[in-house]
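The primary structure of each chain is shown beneath.
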Amino acid sequence: MTKTETDTSAAQPVATGAAFTKMSALALVVGWLIPGGGHFIQKKWIRGFLLMGSVVAMFAIGLAMQGKIYQPNAGDLLDILGFIGDFGAGGLYILGRTLEWGGTSISFAAADYGTKYIVVAGLLNIMSAVDAYHIAIGKKQ
Amino acid sequence: MILAMQISHFTAAAIFAFFVSIVFGITQRNTPREMVRCGAIHFVGWFMGGMFLAGWVMWLLHH
């Protein structure tokens, strides 16, 4: 192995010990309940606002297109997966179900796009909550 | 009567690509510079590029 190769590998960021702390648990839960919230409590303001804006915008556009918010169900596999995706939106999902937002049936193309937007907003929110968790445990800057 | 927002498939895909690229960029990289670069690559290269490519493939299959 050449010296250059050794130097390069030494320069790679090393993941520190992933310690599960109160902050890491809080970042995960708050990040799920409030899109971008996990970043806000760690003072990552710009990232938090961008994540919040993206997730909320996708959820809102989905609703504007009369997208459907899935309910807990044990029926069709796609309906179950749809619920899991929607549930990832955390507080937005709870709010949407409580206030009965969204369409009841997917009867035209835009409603189908909207339903996908809402599912993906939930999945993106899970990604953002996990990212907040990684920052809290020191795995990411 | 409930009025639903009506947008074309292309517009829906472009808006989708924009927001998903932002989240991918932020969550997949460490530094702000890398985040912007990753988000831009996802938006232009993967999502929009993939959409145009898929569109042309479908056009060729149809003709």
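Residues numbered from 1 in each chain as written. Chains lettered and ligands numbered in written order. Predicted model: local features only at pLDDT ≥ 70, side-chain atom pairs only at ≥ 80, totals over all residues. Heavy atoms only, no water.

## Topic: the overall build of chain A
Looking only at helices and strands, chain A has 7 helices and 0 strands in total. Along chain A, helices and strands appear, N-terminal first, in the series α-α-α-α-α-α-α. Across the 141 residues of chain A, 42% fall into the buried class. Relative to all contacts within chain A whose residues are 6 or more apart in sequence, the contacts with residues 24 or more apart total 70%. Here chain A has roughly 7500 Å² of accessible surface; of this, 69% comes from carbon and sulfur atoms. (Helix = DSSP H or I, 4+ residues; strand = E, 2+ residues; numbered from the N terminus. Buried < 20%, exposed > 50% of the residue type's maximum accessible area, 1.4 Å probe, protein only. Contact = heavy atoms within 4.5 Å. Areas by Shrake-Rupley, 256 points an atom, 1.4 Å probe, with all protein chains shown as cover.)

## Quick look at the environment of Ser24(A)
All names here are of chain A. With respect to the helices and strands, the residue Ser24 is situated in helix 2 (residues 22-33). Owing to a relative accessible area of 0%, Ser24 belongs among the buried residues under this scheme. Considering only alpha carbons, one finds Ser24 and Val130, 106 residues apart in sequence, at a separation of 9.6 Å. Those residues in contact with Ser24, other than ones at most four positions away along the chain, are Ala19, Tyr133, Ala136 and Ile137.

## Observations regarding the packing of helix 7 (residues 109-136) of chain A against helix 1 (residues 9-28) of chain B
At a minimum axis separation of 10 Å, helix 7 of chain A and helix 1 of chain B run at an interaxial angle of 5°. With respect to their mutual orientation, helix 7 of chain A and helix 1 of chain B come out roughly parallel. Touching Tyr113(A), Tyr117(A), Val120(A), Leu124(A), Met127(A), Ser128(A) and Asp131(A) of helix 7 of chain A are His9(B), Thr11(B), Ala12(B), Ile15(B), Phe16(B), Val20(B), Val23(B), Phe24(B), Ile26(B), Thr27(B) and Gln28(B), all from helix 1 of chain B. (Axes fitted to C-alpha atoms, helices over the stretch in contact; angles between N-to-C directions. Parallel < 35°, antiparallel > 145°, perpendicular 65-115°, else oblique.)

## Some remarks on the interface of chain B and chain A
Taken together, the contact between chain B and chain A spans 24 residues of the former and 21 residues of the latter. For the pairing of chain B and chain A, the buried interface totals around 2000 Å² over both sides, and the portion due to carbon and sulfur atoms is 74%. There are 0 salt bridges connecting chain B and chain A. Scanning the region where chain B abuts chain A turns up 7 residue pairs in polar contact (both at pLDDT 80 or more). Here the side of chain B that touches chain A takes 13 residues from helix 1 of chain B, the largest share from any one element. Partitioned by chemical class, the residues of the side of chain B that touches chain A number 15 nonpolar, 8 polar and 1 charged. (Buried area = accessible area lost by both parts, 1.4 Å probe. Salt bridge = Lys/Arg side-chain N within 4 Å of Asp/Glu carboxyl O. Polar contact = N/O pair within 3.5 Å; in protein donor to acceptor, adjacent residues only side chain to side chain. Nonpolar A, V, L, I, M, F, W, Y, C, P; charged D, E, K, R; others polar.)

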